[in-house]
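An overview of the molecular structure
Now for the letters of each chain:
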Amino acid sequence: MGAPDNTDNSLKNHLLAALPADELARIQPRLESVSMKLGEVLYESGDLMTHMYFPTTAIISLLYIMQNGATAEIGIAGNNGLVGIALFMGGETTSNRAIVQSSGEAVRMKAADVKDAFALGGVFQNVCLRYTQSLMTQISQTAVCNRLHSVAQQLCRWLLINHDQLQTDRLVMTHDLIANMLGVRREGVSIAAEDLQKRGLIKYVRGTITILDRAGLEKAVCECYQVVINEYDRLLGAYIPKNR
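Residues numbered from 1 in each chain as written. Predicted model: local features only at pLDDT ≥ 70, side-chain atom pairs only at ≥ 80, totals over all residues. Heavy atoms only, no water.

1. With respect to the overall build of the protein chain
Short version of the rule: Where helices and strands are cited, they refer to DSSP runs of H or I of at least four residues and of E of at least two residues respectively, numbered from the N terminus. Accessibility here uses a 1.4 Å probe with only protein chains present; expressed as a share of the type maximum, an area under 20% marks a residue as buried, one over 50% as exposed, and anything in between as partly exposed. Contacts between residues were defined by any pair of non-hydrogen atoms, one from each residue, lying within 4.5 Å. Charge counting follows a simple rule: Lys and Arg are positive, Asp and Glu are negative, and His as well as the terminal groups are ignored. Working definition for charges: the position is that of NZ of Lys, CZ of Arg, CG of Asp or CD of Glu.
Along the backbone of the protein chain there are nine helices and 10 strands. Overall size of the protein chain, expressed as C-alpha extent along the three principal axes, is 50 × 40 × 35 Å. Counting only residues that meet the buried cut, the protein chain has 50% of its 244 residues in that class. For the protein chain, the share of sequence-separated contacts (at least 6 apart) that also reach a separation of at least 24 residues comes to 75%. Considering the protein chain, the positive charge centre built from 23 side chains and the negative charge centre built from 24 side chains are found 4 Å apart.

2. Observations regarding the nonpolar core
For the record, the criterion: Nonpolar cores were defined as sets of buried Ala, Val, Leu, Ile, Met, Phe, Trp, Tyr and Cys residues, with membership established by side-chain atoms within 4.5 Å.
Counting residues in each nonpolar core, the largest one holds 43 residues, and the members touching the most others are Ile27, Met36, Met52 and Phe124. No other element matches the six residues that helix H4 (residues 122–148) contributes to this core. Contacts of Met52, omitting those with residues within four sequence positions, involve Leu82, Val83, Gly84, Leu87, Phe88, Val107, Arg108, Met109, Val114, Phe124 and Cys128. By size, the runner-up hydrophobic cluster in this structure holds 33 residues, among which are Leu159, Leu160, Leu166 and Ala179.

3. A look at the pattern of salt bridges
Put simply, the test is: Criterion for a salt bridge: a side-chain nitrogen of Lys or Arg within 4 Å of a carboxyl oxygen of Asp or Glu.
Considering all chains together, one arrives at eight salt bridges under this definition. As a salt-bridge pair, Arg214 and Glu218 come within 2.9 Å of each other at their nearest N and O atoms. Residue Arg214 and its partner Glu218 are located together in helix H8 (residues 214–220), separated by four residues, close to a single helical turn. Accessibility expressed as a relative area gives 22% for Arg214, which makes it partly exposed. Overall, the relative accessible area of 39% leaves Glu218 in the partly exposed class. Counted as one network, the salt bridges with shared partners bring together Asp164, Arg214 and Glu218.

Geometric values such as these leave the question of function open.
See the structure below:
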């Protein structure tokens, strides 16, 4: 992970962009732009966190790793979120892995600076807490979805959540990686993706999924996607009028 030469891109993250000018100016010198590569691990379960990350064009997946090595995604953070809530919630570590799911950029803030900014209160503290509650909804709804809904519905939910964070209709992701994220067998993902492709909703070629009909995906998805979106908008809509 390296720092790009371009100027700071913090305003591309919705949470940072929601801050009043004086609060953003106060933390701006503490923000560092970083480039993230696909598959890069930001921290492992139990690691001492050194930074909090605000994705701008990257997407970060929060994964739970079982003792046998099996994985399942419990949450996603893109330009509407942050990674590292343990730093301001009173902990220094977490039980999940954070890994870059879609390469891109982010801004990060050192742990000590996060704690100082949070302790001052204001909109920064409020936005962090409200986002944490929305993330709790995303995690719990993911658990419900993985237990009660079909692989096809889970795939639709996953595609839509990722699409919300991207400036393109193309997602670079293999069936193997999606299966690892959803915690299902690769064959199940392949069958579901083939069905969505036959229905003209997506196109899958050589590890790249192109969303052709978002409205169709929204009709095919279970209610879990909208539950998560509604809760985010309820909690943060006053600060972020347009999330997607």
